[in-house]
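# Breakdown of the fold
Letter by letter, the chains look like this.
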Amino acid sequence: QVRVVESGGGLVQAGGSLRLSCAASGSIFSINAMGWYRQAPGKQREWVALITNRGSTNYADSVKGRFTISRDTAKSTVSLQMNTLKPEDTAVYYCYADQGYGRYYWGQGTQVTVSS
């Protein structure tokens, strides 16, 4: 029903910045919120940020003040601006679309590597 695809991952030095993008397609009118999770090797998946269909945002404590999630409603895209990156931010970042009632649609993931 909903397809999401991420882009923008890469290699960056500690203290640098990176911007991730996520495009949604399909039944996008039914999406309640979109956001990002990340998962490092051997670690559980960690929620990072979300933005609702009303424009409200929330962030994990680990990224608050450094990351900013935004949306372009006309283009059905969501971006994650990541500043002051740290080695512990290294992970595969997954975009998701939330239709409510436990219905989540995930992208393939994009690798972010922060060198020390």
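This write-up is about the structure you can find in this document. (Residues numbered from 1 in each chain as written. Predicted model: local features only at pLDDT ≥ 70, side-chain atom pairs only at ≥ 80, totals over all residues. Heavy atoms only, no water.)

## Re the state of the cysteines
Cut-off, in case you're wondering: Here, a disulfide means two cysteine sulfur atoms that sit within 2.5 Å of each other. A run of H or I in DSSP counts as a helix once it spans at least four residues, and a run of E counts as a strand once it spans at least two, with each numbered from the N terminus. With a 1.4 Å probe rolled over the protein chains alone, any residue whose accessible area is under 20% of its type maximum counts as buried; one over 50% counts as exposed, and the rest are partly exposed.
On inspection of all chains with the given rule, the structure shows 1 disulfide. Disulfide pairing places Cys22 opposite Cys95 at an S-S distance of 2.0 Å. The S-S bond linking Cys22 to Cys95 shows a torsion near -85°; that makes this disulfide left-handed. Taken as a pair, Cys22 in strand β3 (residues 18-26) and Cys95 in strand β9 (residues 91-100) lie far apart in primary sequence, 73 residues in all. Cys95 carries the same exposure label as Cys22, and that label is buried.

## Observations regarding the pattern of salt bridges
Two side chains of opposite charge can pair, provided their charged atoms sit close to one another. What counts, and what does not: The salt bridge criterion pairs a side-chain nitrogen of Lys or Arg with a carboxyl oxygen of Asp or Glu, the two atoms within 4 Å.
In this structure the tally under the stated criterion is 3 salt bridges. Here Arg66 ties to Asp89 by a salt bridge, and the two come within 2.8 Å at their closest N and O atoms. You can see Arg66 sitting in the loop between β6 (57-59) and β7 (67-72) and its partner Asp89 sitting in the loop between β8 (77-82) and β9, a full 23 residues away along the chain. In this structure Arg66 comes out as buried when scored by relative accessible area, which is 10%. A single salt-bridge network, built from bridges that share partners, covers Arg38, Glu46, Arg66 and Asp89.

## With respect to the packing of aromatic side chains
Counted only if it meets this: In this scheme Phe, Tyr and Trp rings, the latter by its six-membered ring, pair at centre separations within 6.5 Å, and the angle between planes marks the pair as stacked below 30 degrees, edge-to-face above 60, and tilted otherwise. Charge-over-ring placement is defined geometrically: NZ (Lys) or CZ (Arg) within 6 Å of the ring centre, and within 35 degrees of the ring normal.
Following the criterion strictly, the structure yields 4 aromatic pairs and no others. Centre to centre, the rings of Tyr96 and Tyr104 are 5.6 Å apart; their planes meet at 55°, and the pair counts as tilted. With a relative accessible area of 4%, Tyr96 lands in the buried category. With a relative accessible area of 40%, Tyr104 lands in the partly exposed category. Here the aromatic residues Tyr37, Tyr96, Tyr104 and Trp106 are joined through ring pairs into a cluster of three or more. Across the ring face of Tyr94, the terminal group of Arg45 is positioned such that the distance to the ring centre comes to 4.1 Å. Positioned above the aromatic ring of Trp106, the side-chain terminus of Arg45 is 4.7 Å from the ring centre.

## Considerations on the environment of Ala97
Definition in use: Residue contacts are defined here by distance: any two heavy atoms, one from each residue, within 4.5 Å place the two residues in contact.
The residue Ala97 is located in strand β9 in this model. Taking relative accessible area as the criterion, Ala97 reaches 0% and is therefore assigned buried. Other than its neighbours up to four places away in sequence, Ala97 contacts Val2, Val4, Ile31, Ala33, Met34, Arg103, Tyr104 and Tyr105.

## Overview of the nonpolar core
Short version of the rule: Grouping buried Ala, Val, Leu, Ile, Met, Phe, Trp, Tyr and Cys residues that are joined through side-chain atoms within 4.5 Å yields what is termed a nonpolar core.
Membership of the largest hydrophobic core comes to 28 residues, with the highest contact counts inside it found for Met34, Trp36, Leu80, Met82 and Tyr93. Breaking this core down by element, the ones donating at least two residues are β1 (2-7), β3, β4 (33-39), β5 (46-52), β7, β8, β9 and β11 (110-115). In contact with Leu80, not counting residues within four places along its chain, are Leu18, Arg19, Leu20, Trp36, Val48, Ala49, Phe67, Thr68, Ile69 and Tyr93.

## Let's talk about the sheet that holds β7
Which entries qualify depends on this criterion: In this analysis, strands are considered paired if DSSP registers two or more bridges between them. Orientation is described by axes fitted as lines to C-alpha atoms, over the contacting stretch for helices, and by angles from 0 to 180 degrees between their N-to-C directions.
Judged by pairing direction, the sheet is antiparallel, and its 4 strands sit side by side in the order β1-β3-β8-β7 without closing on themselves. Only two strands of the sheet have a single neighbouring strand rather than two, namely β1 and β7. Pairs of neighbouring strands in the sheet enclose a mean axial angle of 20°, with direction left out of account.

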